[in-house]
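Structural characterization, general
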Amino acid sequence: MNDSSTSEELVGVLRTVVQQLVPGDKLPSSRELIERHHVGPGTVSRAIAQLAAEGVVVTRPGSGTYVAPRPQQPEVAIDTGWQTVTLADRSVDARALGDSSGPIPDSAIRLDGGYLHPSLQPTRALSAALARAARRPDAWDRAPANGLTPLRTVFARLAGAGVTADDVLITAGGQSALSIAFRAIAGPGSPVLVESPSYPGALAAARAAGLSPMPVPIDQHGLRPDLLEEAFARSGARLLYCQPTYQNPTGTVLAADRRRRVVEVARAAGAFILEDDFARLLGHGASTPKPLLADDRDGTVVYLTSLTKPAAPSLRIGALVARGPVLERLRAIRQVDDFFVPRPLQEAALELVGSPGWDRHLRGLAIALRLRSRALVTALAEAQPEWSVVSPPTGGLHLWVRLPSDLDETAAAAEAQRLGVVVSGSRRYFATEKAGSWLRFNFAAAADAAELSTAARRLARI
């Protein structure tokens, strides 16, 4: 049993103790708790700290821990009915970011979401990096609004194409970068072109910024420049959001002969491209194409990437790269939002990517993702031969599976969850009407290939 679960158990025990006491009563000492429950001093300290933070107990240095005064319960329930009228129309709908069908049992295999399984995360390296960062004398000083220069340099090198640190704005992860970019580039009420299907978090962020997502179909080679040109002409849009490399949800890579053409079409329309390169470090071992930014000579491309996906969900460190007046717009929005990304997190990110283990982690991750992807493709082919994987991905975290025409993906996802496998239905990946029935699997969320095989066997019953 790990320390966190032991600490949670002790918190539960202490809650029961507190309920049997009255405010002001003293709890057993730390030494008594250690001996009675056979736990370490750290476990006791964490449990007491959690209860103190919740206001359940108060600690008095040199004296002990006491039951805190209990708040008076209101005699009349609060009436919030007026809020429905005041809030009016809903522009931010978080339901687009999740599609779970009711409570998820602990025994379920989670193949939804967009993060690595804990076993694939560089947890030790992250802990060591955070510890080293915390020891820096200026760790808690205010960070520059643009981000720490060394960290901006790291992202500049990742983007390539002559990008410098002065072109980079550090953000609190990729989702924050999306929100900043949509509000900075396009005004409320404007159309924004998006791939169809596309990332639901981007669709939600665009709508929250008052924009209207308009779909442009993709095929197995990515975004179609002919349809993109037509969409710009019909809509008058001045912004395209796309994921040219290991697209979410399909895993598609924009073909080499289309990459320059997409930039040319946007430039001719006087439009920006918001290039979401979230999976730059998630290749499966083959060569990863250069960003669209590499063929941009006019400041058409605003580039977005992040360290979150290849590291861990709580390393909320991303970057926007832009050149020209649009960069000042991006800076202004970020300062209004939160001034700057916390310095300890930036310092920890620097320590992580500068450590010898980072490159080793990325190489191992590429192998693990490739093996998991192949294992899931093979297992699904055996369990559900009528389900179709149009093009197995060469990078990223996701497998996009087409269902037979007579099988609705919402019903399939609900049945899968009942069978103990959580996957994502396709409806929320489309800005308008969906094209066919699909399920998205995150093979990187599984513990190992064996768990993926188990999931496929359960799905065979659909």
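Scroll up to find the structure.
Conventions used here
- Residues numbered from 1 in each chain as written.
- Predicted model: local features only at pLDDT ≥ 70, side-chain atom pairs only at ≥ 80, totals over all residues.
- Heavy atoms only, no water.
- Salt bridge = Lys/Arg side-chain N within 4 Å of Asp/Glu carboxyl O.
- Helix = DSSP H or I, 4+ residues; strand = E, 2+ residues; numbered from the N terminus.
- Buried < 20%, exposed > 50% of the residue type's maximum accessible area, 1.4 Å probe, protein only.
- Pairing = 2+ DSSP bridges.
- Phe/Tyr/Trp six-rings, centres within 6.5 Å; stacked < 30°, edge-to-face > 60°.
- Contact = heavy atoms within 4.5 Å.
- 1 Å grid on protein atoms, 1.4 Å probe; cavity = no way out; pocket = protein on both sides within 12 Å on 5 of 7 lines; lining within 4 Å.
- Points joined across faces, edges and corners; volume = space filled by probe spheres on them.
- Nonpolar A, V, L, I, M, F, W, Y, C, P; charged D, E, K, R; others polar.
- Axes fitted to C-alpha atoms, helices over the stretch in contact; angles between N-to-C directions.

The next thing to look at is the pattern of salt bridges. Under the definition given, this model contains 23 salt bridges. As a salt-bridge pair, Asp 219 and Arg 258 come within 3.0 Å of each other at their nearest N and O atoms. Separated by 39 residues along the polypeptide, Asp 219 in strand β6 (residues 212-219) and Arg 258 in helix α10 (residues 256-268) bring together distant segments of the chain. The exposure class of Asp 219 is partly exposed, given its relative accessible area of 23%. You can call Arg 258 buried: its relative accessible area is 15%. The partner of Asp 226 in a salt bridge is Arg 224, with the nearest N and O atoms 2.9 Å apart.

This paragraph deals with the sheet that holds strand β11 (residues 318-321). Spatially, the eight strands line up as an open sheet ordered β4-β11-β10-β9-β8-β5-β6-β7, and their pairing is mixed. The open sheet has two edge strands, β4 (168-171) and β7 (222-223), and neither has a second partner.

Take the packing of aromatic side chains next. On inspection of all chains with the given rule, the structure shows three aromatic pairs. An angle of 55° between the planes, with centres 5.9 Å apart, marks the rings of Phe 182 and Tyr 241 as tilted. Placement of Phe 182 in helix α7 (residues 174-185) and of Tyr 241 in strand β8 (residues 239-242) is noted, with a sequence separation of 59 residues between them. Relative accessible area serves as the criterion here: at 0%, Tyr 241 is assigned to the buried category.

Time to look at the environment of Gln 384. The topology assignment puts Gln 384 in the loop between α13 (356-383) and β12 (388-389). As for Gln 384 and Ala 209, which are separated by 175 residues in sequence, their C-alpha atoms are 40 Å apart. Excluding anything up to four places from it in sequence, Gln 384 contacts Leu 459, Ala 460 and Ile 462.

Turning our eyes to something else, we now look at empty space enclosed by the protein. In the structure shown here, the tally under the stated rule is one cavity of 30 Å³ or more. Computed from the structure, the largest cavity encloses a volume of approximately 50 Å³. Along its surface, the largest cavity is lined by Glu 195, Ile 218, Gly 222, Leu 223, Cys 242, Gln 243, Pro 244, Gln 247, Thr 252, Val 253 and Leu 254. Here the lining of the largest cavity is built from residues that sort into six nonpolar, four polar and one charged.

Note the cis peptide between Ser 196 and Pro 197, where omega equals 5°. Its location among the elements puts Pro 197 in the loop between β5 (191-196) and α8 (200-208). A cis amide bond links Asn 248 with the next residue in sequence, Pro 249, at an omega value of 20°. Counting through the fold element by element, Pro 249 comes out in the loop between β8 and α10. Even without being glycine, Tyr 246 reaches a positive phi, approximately 60°. Among the structural elements, Tyr 246 can be located in the loop between β8 and α10.

So, on to the sheet that holds strand β16 (residues 438-442). The sheet built from four strands is open, its strands ordered β12-β13-β16-β15 with antiparallel pairing. Looking at the sheet topology across the chains shown, the edges are occupied by β12 and β15 (424-425). Bridge analysis of strand β13 (residues 398-402) against β16 gives five bridges, and the strand direction is antiparallel. Bridge pairing in β16 places Trp 400 opposite Arg 440. Contacting β15 and β16, helix α14 (residues 409-418) crosses the sheet at an angle of about 40° to β16.

Remember, this is a structural readout, not a statement about activity or role.
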